[in-house]
Amino acid sequence: GNSVTQMEGPVTLSEEAFLTINCTYTATGYPSLFWYVQYPGEGLQLLLKATKADDKGSNKGFEATYRKETTSFHLEKGSVQVSDSAVYFCALIGSRGGSEKLVFGKGMKLTVNP
Amino acid sequence: GAGVSQSPSNKVTEKGKDVELRCDPISGHTALYWYRQSLGQGLEFLIYFQGNSAPDKSGLPSDRFSAERTGGSVSTLTIQRTQQEDSAVYLCASSTRSGGLTYEQYFGPGTRLTVT
């Protein structure tokens, strides 16, 4: 079945540090890929997405590129802020049509210190 | 506009009791999902409703779990004879579906269920 593997952390960085969270997937067909973020005390929010190979999703300074050849969707940010402290989930939807249920990685907790 | 709402926000129940969790999706969203977030299993899909179609129940962990969606809007997730392993945060999400395209799923704040 479909699955997502991501770095689990926890990770602590200093403000303005570079962030990479690795994510790889296993899926049949052509999945859509997502990064969701869960800030402390808040619900899950979509951070960015990519629906086909070589697409780059971006939002709030975060970027991720859909790499079909390496089945990866790594999240990057050049300079993290304290406000980026959250749990980050990589996820996929296996195929269009049907239930389009999200399959999540286990999440990675990021803490950014001033 | 209003987002996805869930009630109660917290529920503590004794092992063996039944519980009902409620989800109010965003108005006009035809698709509704239930997920469960637990320390051991991470985030996992439970059930999906889309319009008048038969629900996808493939993620329900046992026959003690059931869900319904009345009038294409509000949904209730019922857990019968609760067990300690049912302790988790239950998340509801909704999205709009059109033309076979994938749209964002908007999540509610969740219901934290604790079974003692």
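Residues numbered from 1 in each chain as written. Chains lettered and ligands numbered in written order. Predicted model: local features only at pLDDT ≥ 70, side-chain atom pairs only at ≥ 80, totals over all residues. Heavy atoms only, no water.

A. A look at the overall build of chain A. What chain A contains, in helices and strands, is zero helices and twelve strands. Helices and strands in chain A line up, N terminus first, as β-β-β-β-β-β-β-β-β-β-β-β. A globule of 114 residues ought to have a C-alpha radius of gyration of about 13 Å, and chain A, at 14 Å, matches this closely. In chain A, buried positions account for 45% of the 114 residues. For chain A, contacts bridging at least 24 residues in sequence account for 57% of all contacts bridging at least 6. For chain A, the accessible area works out to roughly 5300 Å², and carbon and sulfur atoms hold 48% of it. Each charge class in chain A can be summarised by its mean position, and for the 11 positive and 11 negative side chains these summaries are 7 Å apart. (Helix = DSSP H or I, 4+ residues; strand = E, 2+ residues; numbered from the N terminus. Rg over C-alpha atoms; globule rule 2.2 N^0.38 Å. Buried < 20%, exposed > 50% of the residue type's maximum accessible area, 1.4 Å probe, protein only. Contact = heavy atoms within 4.5 Å. Areas by Shrake-Rupley, 256 points an atom, 1.4 Å probe, with all protein chains shown as cover. Lys, Arg positive; Asp, Glu negative; His and termini not counted. Charge placed at Lys NZ, Arg CZ, Asp CG, Glu CD.)

B. Expanded view of the nonpolar core. Core analysis: the biggest nonpolar cluster contains 26 residues, and Trp35(A), Leu47(A), Leu48(A), Phe73(A), Leu75(A) and Tyr88(A) have the highest contact counts within it. For this core, the elements supplying multiple residues, two or more each, are β3 (19-21), β4 (23-26), β5 (32-38), β6 (44-50), β8 (62-65), β10 (86-93) and β12 (108-113) of chain A. In terms of residues, this core owes the most to one element, β10(A), which gives four residues. With near-sequence residues (within four places) excluded, Phe73(A) lies in contact with Cys23(A), Leu33(A), Phe34(A), Trp35(A), Leu48(A), Lys49(A), Ala50(A), Ala64(A), Thr65(A), Tyr66(A) and Cys90(A). If you look at the next biggest cluster of nonpolar residues, it comprises 20 residues, including Cys23(B), Ile47(B), Leu60(B) and Leu77(B). (Core = buried A, V, L, I, M, F, W, Y, C linked by side-chain atoms within 4.5 Å.)

C. Focus on the interface of chain A and chain B. Opposite the 19 residues of chain A that make contact, chain B presents 19 residues. With both sides pooled, the region where chain A packs onto chain B buries about 1600 Å², and carbon together with sulfur makes up 52% of that total. For the pair chain A and chain B, the interface holds zero salt bridges. At the boundary of chain A with chain B, the tally comes to five residue pairs in polar contact (both at pLDDT 80 or more). If one sorts the elements of the side of chain A that touches chain B by residue count, β5(A) sits on top with four residues. (Buried area = accessible area lost by both parts, 1.4 Å probe. Salt bridge = Lys/Arg side-chain N within 4 Å of Asp/Glu carboxyl O. Polar contact = N/O pair within 3.5 Å; in protein donor to acceptor, adjacent residues only side chain to side chain.)

D. Fine view of the sheet that holds strand β3 (residues 19-24) of chain B. All names here are of chain B. The strand order across the open sheet built from four strands is β1-β3-β7-β6, with neighbouring strands paired in antiparallel fashion. The strands lining the two open edges of the sheet, one partner per strand, are β1 (5-7) and β6 (65-69). With direction set aside, neighbouring strand axes in the sheet form an average angle of 15°. With five bridges connecting them, β6 and strand β7 (residues 75-79) associate as antiparallel partners. Bridging across to β7, Glu 68 finds its partner in Thr 76. (Pairing = 2+ DSSP bridges. Axes fitted to C-alpha atoms, helices over the stretch in contact; angles between N-to-C directions.)

E. Up close: the sheet that holds β3(A). Residue and element names in this part refer to chain A. Across the sheet, four strands lie side by side as β3-β9-β8-β7; this open sheet has antiparallel pairing. Every other strand in the sheet has two partners, leaving β3 and β7 (56-59) as the edge strands with one partner each. Mean inter-strand twist for the sheet, computed between neighbouring axes without regard to direction, equals 15°.

F. The packing of aromatic side chains, seen in detail. For the coordinates displayed, the defined rule picks out twelve aromatic pairs over all chains. Plain terms: the ring middles of Tyr36(A) and Phe104(A) are 5.9 Å apart, the flat faces sit at 65° to each other, and that makes the pair edge-to-face. In this pair, Tyr36(A) sits in strand β5 while Phe104(A) sits in strand β11 (residues 102-104), placing the two residues 68 residues apart along the sequence. Ring-pair connections join several aromatic residues into one group, and the members of that group are Phe34(A), Tyr36(A), Phe89(A), Phe104(A), Tyr33(B), Tyr35(B), Phe45(B), Tyr48(B) and Phe107(B). (Phe/Tyr/Trp six-rings, centres within 6.5 Å; stacked < 30°, edge-to-face > 60°.)

G. Looking closely at the state of the cysteines. All names here are of chain B. Scanning the model with the defined rule gives two disulfides over all chains in all. Here Cys 23 pairs with Cys 92 through a disulfide, and the sulfurs are 1.9 Å apart. What sets the handedness of the Cys 23 and Cys 92 disulfide is the S-S torsion sign, and at about -65° it is left-handed. Taken together, the positions of Cys 23 in strand β3 and Cys 92 in strand β8 (residues 88-95) put the pair 69 residues apart, joining distant regions of the chain. When sorted by exposure, Cys 23 lands in the same class as Cys 92, which is buried. (Disulfide = S-S within 2.5 Å.)

H. Expanded view of the side chain of Lys77(A). Residue and element names in this part refer to chain A. Tracing the backbone shows Lys 77 in strand β9 (residues 75-77). Using a relative accessible area of 10% as the deciding quantity, one classes Lys 77 as buried. Each residue touching Lys 77, except ones within four places of it in the same chain, is listed here: Ala 17, Phe 18, Leu 19, Lys 60, Gly 61, Phe 62 and Asp 84.

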